[in-house]
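Descriptive analysis of the structure
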Amino acid sequence: MNDGYLLLALLASGLCTFLIRLSFIAGERWLPRSEKLHALLRYVPASVLAALVAPELLVRGGAVHIATDNQRLWAGLLAILVAWLSRSVMASIAAGMAALWLLQAYMR
Amino acid sequence: MDDSTGHKARSAGEEFRDGIHAELPLLLGVVPFGLMFGVLGLAAGLPAWAVVAMSSIVFGGASQVVFAQLWGAQVPPAVICSTVAVVNLRHALYSASVAEWLRDLSWRWKVLLAYLLTDEAYAAALVRFRDSPPGAHRHWFLFGTGLTLWSGWQVSTLGGVLIGAAIPASWSLDFSIALTFIALLVLAIHRRSEMCAALVAGIVAVLAQPLPHKLWILAAAAAGIAAGLAARKLDRRART
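Just so we're clear, the structure is a prediction, and the values are computed from it rather than from any experiment. (Residues numbered from 1 in each chain as written. Chains lettered and ligands numbered in written order. Predicted model: local features only at pLDDT ≥ 70, side-chain atom pairs only at ≥ 80, totals over all residues.)

1. Considering the overall build of chain B
Across its full length, chain B carries 12 helices and 0 strands. Taken from the N to the C terminus, the helices and strands of chain B come in the order α-α-α-α-α-α-α-α-α-α-α-α. In summary, chain B has a C-alpha radius of gyration of 19 Å against a globular reference of 18 Å for 240 residues, a match within 12%. C-alpha atoms of chain B, sized along the principal axes, occupy 55 × 40 × 35 Å. Across the 240 residues that make up chain B, the buried fraction comes to 52%. For chain B, contacts bridging at least 24 residues in sequence account for 78% of all contacts bridging at least 6. (Helix = DSSP H or I, 4+ residues; strand = E, 2+ residues; numbered from the N terminus. Rg over C-alpha atoms; globule rule 2.2 N^0.38 Å. Buried ≥ 20, exposed ≤ 12 C-beta atoms within 10 Å, placed from the backbone. Contact = placed C-beta atoms within 7 Å.)

Right under this line is the structure:
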């Protein structure tokens, strides 16, 4: 496939993404101003972030992988603990990455 | 009713600076992922210009990885676009979430902030919008988080294209974005019902993996939100 197709695919993907992000910001007046919607939106960050995180820790090559040799699971659990205790993003990321490197070095 | 909180009003510059400060720590996880995306894009057979351009045209890490993988697998462009759209549909939830706070802004601001509305910019700005007193210039905070992430993403993608091949795969840099989301997730949970939402969303995300076109993201988000609503009784005290 040539560069023209590629550029078209990029622009179309970018436009879709932008319109999705603009959707309710632009159409705010059509959103119901209800208590229910407020309550519902409160759970957006926890739900979406958890949805993105869980497969990274628990799925390997398309299959659920819960075992002691799942290094990313251990590193991720440590990162959760550090984030919870320190409330620090950097400490959590650094601890998780360091844990993964250590596990990769010693568990093969 | 909003401006009678007694807090000192913050200027646009202060809000902008606070937004940058809130976002900077996240770059520790985002920049390695950007480097990795640069490498992965080239490896999938994309020309360098397309890898770099994608980061500003699409500006969405996970969806860019999907784009590169599908392009490498010779999937028709229409299918690539629709899969990218499904992966990014979760941003409609963010859009609905911030809509109320951006209601009175000009079109120019709305378009700009919509373009910059990513997982990391949204999650970092929530601290300002949801948990702090309102202010006339608080959209500058979101602009600060968004622009910081955007800059880090562009530079790291370019870096990945230029020097990424020198980074050994054994460094597992792709894991850095999962760690970023982990930190944001833990910091986003204040109540038991939010914990329930996260647990259910995580379980559904794992179980729903076989769904086509990455639809598991939306299935898991919907299940998590429903679980959170259902678990509201568990919260001891209600905050606003």
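Anyway, onward from the coordinates.
2. Thoughts on helix 2 (residues 27–43) of chain B
All names here are of chain B. Compared with an ideal rise of 1.5 Å per residue, which puts 17 residues at 24 Å, helix 2 spans 24 Å between its outermost C-alpha atoms and is within 8% of the ideal. Counting buried positions along helix 2 gives 14 out of 17 residues, so the element sits mostly inside the fold. At the C-terminal side of helix 2, Gly45 shows a positive phi close to 100°. (Expected span 1.5 Å × (residues − 1).)

3. Some details on the interface of chain A and chain B
Contacts between the two partners involve 59 residues from chain A and, on the opposite side, 72 residues from chain B. Breaking the side of chain A that touches chain B down by element, the ones donating at least two residues are helix 1 (3–26), helix 2 (35–42), helix 3 (44–58), helix 4 (71–86) and helix 5 (89–106) of chain A. Broken down by element, the side of chain A that touches chain B gets its largest block of residues, 20 residues, from helix 1 of chain A. By residue class, the composition of the side of chain A that touches chain B is 43 nonpolar, 10 polar and 6 charged. (Nonpolar A, V, L, I, M, F, W, Y, C, P; charged D, E, K, R; others polar.)

4. A closer look at the packing of helix 8 (residues 119–131) of chain B against helix 9 (residues 139–163) of chain B
Residue and element names in this part refer to chain B. Axis separation between helix 8 and helix 9 bottoms out at 9 Å; the angle between their running directions is 150°. One finds that helix 8 runs roughly antiparallel with respect to helix 9. In terms of crossing hand, the pair formed by helix 8 and helix 9 is right-handed. Contact residues: helix 8 offers Glu120, Ala121, Ala124, Ala125 and Arg128, while helix 9 offers Phe141, Leu142, Thr145, Gly146 and Leu149. Taken together, the residues of the contact of helix 8 with helix 9 break down into 6 nonpolar, 2 polar and 2 charged. (Axes fitted to C-alpha atoms, helices over the stretch in contact; angles between N-to-C directions. Parallel < 35°, antiparallel > 145°, perpendicular 65-115°, else oblique. Left-handed = near helix turned anticlockwise from the far one by under 90°.)

5. Overview of the environment of A:Met107
Residue and element names in this part refer to chain A. Mapped onto the secondary structure, Met107 falls in the segment after helix 5. For Met107, a count of 10 C-beta atoms within 10 Å gives the class exposed. Distance in space between the C-alpha atoms of Met107 and Asn70 is 9.9 Å, their sequence separation being 37 residues.

6. A closer look at the nonpolar core
The biggest cluster of nonpolar side chains holds 108 residues, and the ones touching the most others in it are A:Leu49, A:Ala51, A:Val53, B:Ile182, B:Ala183, B:Leu185 and B:Ala201. Looking at this core element by element, the count peaks at 12 residues for helix 10 (residues 175–188) of chain B. With residues up to four places along the chain from it excluded, the contact list for A:Ala51 reads B:Ala201, B:Gly202, B:Ala205, B:Ile217, B:Ala220, B:Ala221 and B:Gly224. (Core = buried A, V, L, I, M, F, W, Y, C linked by C-beta atoms within 7 Å.)

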